[in-house]
Amino acid sequence: MVKPILQPGIEVGELHSSILNQNLLLYIKLPWSYERSDATYPVLFCLDGNRSFPLYSTMSLIYETPGFNAQEIVIVGIGYQVDEDRLRGLAQWAAWRTRDLLPERREETEEYWKERLSALMGGEEIQVQSGGAALFLRSLRDEIIPFIEANYRTSSTERGLAGYSYGGLFTLYALFHAPELFRRYFAGSPTMLDKLFEYEENYASTHHDLKARLFITAGSNESDLLEPLRRMVECLQSRMYPGLEVLTYVFEDEGHSSAYAASVSRALCMLYYEGGRKE
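Now for a look at the structure at hand. Residue positions are given per chain, counting from 1 as you read along its sequence in written order. For a predicted model such as this one, the threshold for reporting local features is a pLDDT of at least 70, and the threshold for listing and counting side-chain atom pairs is 80 or more; totals across whole chains, interfaces and linings nevertheless cover every residue. Only hydrogens and water are set aside; all other atoms, that is, all heavy atoms of the structure, feed into the side-chain values.

## Quick notes on the side chain of K29
Working step 1: Residue placement: K29 occurs in strand 2 (residues 22-29).
Working step 2: The exposure class of K29 is buried, given its relative accessible area of 0%.
Working step 3: A polar contact of 2.8 Å, which involves the side chain of K29, links it to the side chain of E64.
Working step 4: Counted as a polar contact is a pair of N or O atoms within 3.5 Å, where, for protein atoms, one must be capable of donating a hydrogen and the other of accepting one, and residues adjacent in sequence contribute only when both atoms are in side chains. A polar side-chain atom of K29 sits 2.7 Å from the main-chain carbonyl oxygen of I73.
Working step 5: Only heavy atoms enter the contact rule, under which two residues are in contact if any of them lie within 4.5 Å. Setting aside residues up to four positions removed in sequence, K29 forms contacts with G9, I10, F53, S57, S60, L61, E64, I73, V74, I75 and Y273. Only runs of H or I of at least four residues qualify as helices and only runs of E of at least two qualify as strands under DSSP, and these elements are numbered from the N terminus. Accessibility here uses a 1.4 Å probe with only protein chains present; expressed as a share of the type maximum, an area under 20% marks a residue as buried, one over 50% as exposed, and anything in between as partly exposed.

## Structural notes on the pattern of salt bridges
Working step 1: Whenever Lys or Arg places a side-chain nitrogen within 4 Å of a carboxyl oxygen from Asp or Glu, that contact is recorded as a salt bridge. A complete count under the given rule lists 18 salt bridges for this structure.
Working step 2: Put simply, E227, R230, R231 and E234 are held in one network by salt bridges that share partners.

## Side note on the nonpolar core
Working step 1: Counting 68 residues, the largest nonpolar core has F45, L140, L161 and F170 as its most contacted members.
Working step 2: Discounting chain neighbours no more than four positions away, the residues touching F45 are V76, I78, L140, I144, I145, I148, R159, G160, L161, A162 and F182. We define the nonpolar core as a collection of buried residues of types Ala, Val, Leu, Ile, Met, Phe, Trp, Tyr and Cys that are connected through side-chain atoms lying within 4.5 Å of one another.

## Description of the packing of helix 2 (residues 86-101) against helix 5 (residues 166-177)
Working step 1: Simply put, an axis is a line fit to the C-alpha atoms, just over the touching stretch for a helix, and the angle between two N-to-C directions goes from 0 to 180 degrees. Relative to each other, helix 2 and helix 5 sit at 20°, their axes nearing to 9 Å. In terms of orientation, helix 2 lies roughly parallel with respect to helix 5. For the pair helix 2 and helix 5, the crossing hand works out as left-handed. Residues R97, T98, D100 and L101 of helix 2 touch helix 5, and the partners they reach there are Y166, G167, L169 and F170.
Working step 2: For this scheme, ten residues count as nonpolar: Ala, Val, Leu, Ile, Met, Phe, Trp, Tyr, Cys and Pro. Four count as charged, namely Asp, Glu, Lys and Arg, and the remainder, Gly too, count as polar. Among the residues forming the contact of helix 2 with helix 5, the class breakdown is four nonpolar, two polar and two charged. In these notes the angle categories are as follows: under 35 degrees is roughly parallel, over 145 is roughly antiparallel, 65 to 115 is roughly perpendicular, and the rest is oblique. Note on convention: the crossing is left-handed when the near helix lies turned anticlockwise from the far helix by less than a right angle, right-handed when the turn is clockwise.

## What to know about a nonpolar patch on the surface
Working step 1: A residue counts toward a patch only above 30% relative accessible area and without a salt bridge, and it is joined to like-charged neighbours within 9 Å or, for Val, Leu, Ile, Met, Phe, Trp and Tyr, to nonpolar neighbours within 5 Å. Areas reported as accessible are Shrake-Rupley estimates using a 1.4 Å probe. Residue values count occlusion only from the protein chains shown. Taken together, the side chains of L87, L90 and L120 make up a nonpolar region of the molecular surface, amounting to roughly 210 Å² of accessible area.
Working step 2: In this fold, L87 is placed in helix 2.

## Quick notes on the packing of aromatic side chains
Working step 1: Geometry of aromatic contacts follows a simple scheme: Phe, Tyr and Trp rings, the Trp one being its six-membered ring, pair when their centres are within 6.5 Å, and the pair is stacked under 30 degrees between planes, edge-to-face over 60, tilted otherwise. Summed over the entire model, instances satisfying the criterion amount to 16 aromatic pairs.
Working step 2: Judged by centre distance (5.2 Å) and plane angle (80°), the rings of Y112 and W113 are edge-to-face.
Working step 3: Given the relative accessible area of 42%, Y112 is considered partly exposed.
Working step 4: An angle of 75° between the planes, with centres 6.0 Å apart, marks the rings of Y203 and Y241 as edge-to-face. In this pair, Y203 sits in helix 6 (residues 194-206) while Y241 sits in the loop between helix 7 (223-238) and strand 8 (244-251), placing the two residues 38 residues apart along the sequence.

Here's what the structure looks like:
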């Protein structure tokens, strides 16, 4: 069997999460200078690593091409150990991300994915649960971040979190529940549950600042998403937090899927490579 080819500077680590009772794969992109330096680097943790990591890592290595003097960062894609059968592995990933990235139990969501994934697997029943975001955040804080910081030269004060769709939802959930963990956030086309507004209000009732740079994106064709995103941005801006910067971008004539790659590229620019759009 031919093994997949990884780019130089890309590593894959295995981590068993006792909190999730799950074997995780951590895809790690190292900066060009990593082997020739003893520097400590900012680190961006990206969700849905099984699917999203190639987008983040490839664009990051392009922006960091030697000679352009761009800030270098470590990128960690958080993924799952899935079955070698590609369709079964896809079904596992979809079920597990539904479990880990949604903060509340949603039976209609579970039924939706059970039907879709069972159809994908030719009628085989696929179990789907939701509402595990609190446990996943705990695993991120107590297992994943310590593993990375013990094995790689990453900064404990310059962490970022990036997610798209359900991952964008989880990014906002983490912003309101563990703001001390990260300083930079990317929420791409986040699933805007009503519960998010409750989390935002609860945070605001007990805090006077939110030290974060937050970048939110959507496609202009995501008509149902634009209004709640606007409300969330207005809520955050109305708090007048001294340490919060909220940036947004809407991709014209793009939908949920087609805006994905462009959103990742723009997020890396807005959070780390501000000169990338000028060259």
